Amino acid sequence: MWRSVLFIPVLEERFLARAAERGADAIVLDLEASIANARKDEARAALPAAVDRLRAASLDVLVRINMPWRPAFHDLEVAVRPGVSALLLAGCDSVGFVRAIDRVMGEIESERGLARGAIALVPLLESARAMVQAAPIARASPRIAALTFGIEDYVADLRATPTPELLDAASLQVIHAARAAGVVPMVVPETLANLDDPDAFEAAARRGRAMGSEGGFAVHPVQVERLNRAFTPSPEEIEWARRVVAAAEDAEARGLGAVRLDDRMIDLPVVVRARRLLGATPGPKASGPGDRS
């Protein structure tokens, strides 16, 4: 998937102009929270040219669409198009919503000569209701490639305070739901609104990675840099993984099921983790919809 995905309001030319310079693995063109209600139609009209522009710069493009039903369906008419990798479903809180979006996307893809299922879905869980439904939402459509977590709205819905304990617990819930469904968790247990402490944001990204997350979202370029660093294996991790794989291959050649390395027992789960780490190369690695590897 992507280590870092940067939100850009589709109507902000100064942000679009520099999108390719920000180092993000993918860009979210936003039709939702960053667009005033009075300018929604203007944003929809501007979306196709913005998608083409970013794709010409070799960027993966996602589009965040609106809720509830009628705004979402208006957005689909412009967002289901060549060059869009995935749709980010803001405020997603039910299986029924995902399935309805999937169905309409399929109709539009057929009309426009796109392969059915070509555009993936990434549900954004932002409420208590969504969190309770996380597991079925993650399985609601073969288009779902990843699951993510909208902290600010979630905390507001809970009438809670965004403490590390609360965010870690909720993040782990999303990660469990994603992994059980075979999709990628993209979760950082930290509010995106905290731009004053990038070190805290990076520490949270590393915590998310330790829980099993593979990437996160950003609203500022400094967060992109921190996400890329947090979700890229370090040279020390790569060296450890290479030694584990080499030790395992040597043990297999000698007919052994496990081997000691640095006074630790290396068995199959450790070898699997090492091989996955060696496969985690930097840069965009978008899974197609329905890719459950």
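Just so you know, these numbers come straight off a predicted model, no measurement behind them.

Bringing the layout of surface pockets into the picture now. Put simply, the second largest pocket is a space of about 630 Å³. Taken together, 32 residues make up the lining of the second largest pocket; nearest its centre are Phe-7, Arg-64, Leu-192, Phe-217 and Val-219. For the lining of the second largest pocket, the secondary-structure elements that each account for two or more residues are strand E1 (4–9), strand E6 (146–149), helix H7 (151–158) and strand E8 (216–218). Here the element with the most residues in the lining of the second largest pocket is E1; it accounts for four residues. The residue makeup of the lining of the second largest pocket, split by class, is 19 nonpolar, five polar and eight charged.

By the definition in use, this model includes 24 salt bridges. With a closest N to O distance of 2.9 Å, Glu-21 and Arg-18 form a salt bridge. What makes Glu-21 exposed here is its relative accessible area of 53%. One salt bridge connects Arg-112 with Glu-77, and the closest N-O pair in it is separated by 3.3 Å. On the criterion of sequence distance, the pair formed by Arg-112 in the loop between helix H4 (95–111) and strand E5 (120–125) and Glu-77 in helix H3 (residues 69–79) is long-range, its members being 35 residues apart.

A word on the pairing of strand E4 (residues 86–89). Along E4, one buried face is formed by Ala-86 and Leu-88 and the opposite face, lined by Leu-87 and Leu-89, is buried too. Where strand E3 (residues 60–65) lies against E4, four bridges are found, and the strand directions are parallel. Considered in E4, the bridge of Arg-64 is made with Leu-88. Of the crossover connections in this fold, the one passing from E3 over H3 to the parallel E4 is right-handed. Handedness of the E4-H4-E5 crossover: right-handed.

With that settled, the discussion passes to the confidence of the model for the chain. Here the chain averages 92 in pLDDT, and 95% of its residues register 70 or above. Note on residues 281–293: pLDDT is under 50 here. Beyond four places in sequence and across chains, it has 34 contacts.

Another point: the packing of aromatic side chains. Going through the model one piece at a time under the given rule, you end up with four aromatic pairs. Ring geometry for Trp-69 and Phe-73: centres 5.9 Å apart, planes at 50°, overall tilted. Of the two residues, Trp-69 and Phe-73 both sit in helix H3, four residues apart, roughly one turn of that helix. Relative accessible area serves as the criterion here: at 41%, Trp-69 is assigned to the partly exposed category. Put simply, the rings of Trp-69, Phe-73 and Phe-97 pair up and form one aromatic cluster.

The next point concerns the side chain of Ser-213. Looking at where Ser-213 falls in the secondary structure, it is placed in the loop between helix H9 (198–211) and E8. Within the structure, the side chain of Ser-213 is placed 2.8 Å from the backbone nitrogen of Val-187, a separation counted as a polar contact. Among the polar contacts made by the side chain of Ser-213, one reaches the main-chain carbonyl oxygen of Gly-215 at a distance of 3.1 Å. Discounting chain neighbours no more than four positions away, the residues touching Ser-213 are Ile-175, Pro-185, Met-186, Val-187, Gly-208 and Phe-231.

Before going further, it helps to examine the sheet that holds E4. Taken in spatial order, the eight strands of this open sheet run E7-E6-E5-E4-E3-E2-E1-E8, and their pairing is parallel. Of all strands in the sheet, those bounded by a partner on one side alone are strand E7 (184–186) and E8. Going across the sheet, the axis of each strand differs from the next one's by a mean of 25°, ignoring polarity. Where E1 meets E8, three bridges bridge the pair, whose relative direction is parallel. Residue Ser-4 lies in a different strand from E8, and its bridge partner there is Gly-216.

Turning our eyes to something else, we now look at the environment of Gln-173. Mapped onto the elements of the fold, Gln-173 is located in helix H8 (residues 164–181). Given a relative accessible area of 34%, Gln-173 falls into the partly exposed group. Placed 39 residues apart in sequence, Gln-173 and Ala-134 show a C-alpha to C-alpha distance of 7.9 Å. If we skip the residues at most four places from it in the chain, Gln-173 touches Met-131 and Val-132.

So, how was this worked out
- Residues numbered from 1 in each chain as written.
- Predicted model: local features only at pLDDT ≥ 70, side-chain atom pairs only at ≥ 80, totals over all residues.
- Heavy atoms only, no water.
- 1 Å grid on protein atoms, 1.4 Å probe; cavity = no way out; pocket = protein on both sides within 12 Å on 5 of 7 lines; lining within 4 Å.
- Points joined across faces, edges and corners; volume = space filled by probe spheres on them.
- Helix = DSSP H or I, 4+ residues; strand = E, 2+ residues; numbered from the N terminus.
- Nonpolar A, V, L, I, M, F, W, Y, C, P; charged D, E, K, R; others polar.
- Salt bridge = Lys/Arg side-chain N within 4 Å of Asp/Glu carboxyl O.
- Buried < 20%, exposed > 50% of the residue type's maximum accessible area, 1.4 Å probe, protein only.
- Pairing = 2+ DSSP bridges.
- Right-handed = clockwise from strand over helix to strand, strands pointing away.
- pLDDT = per-residue confidence, 0-100.
- Contact = heavy atoms within 4.5 Å.
- Phe/Tyr/Trp six-rings, centres within 6.5 Å; stacked < 30°, edge-to-face > 60°.
- Polar contact = N/O pair within 3.5 Å; in protein donor to acceptor, adjacent residues only side chain to side chain.
- Axes fitted to C-alpha atoms, helices over the stretch in contact; angles between N-to-C directions.

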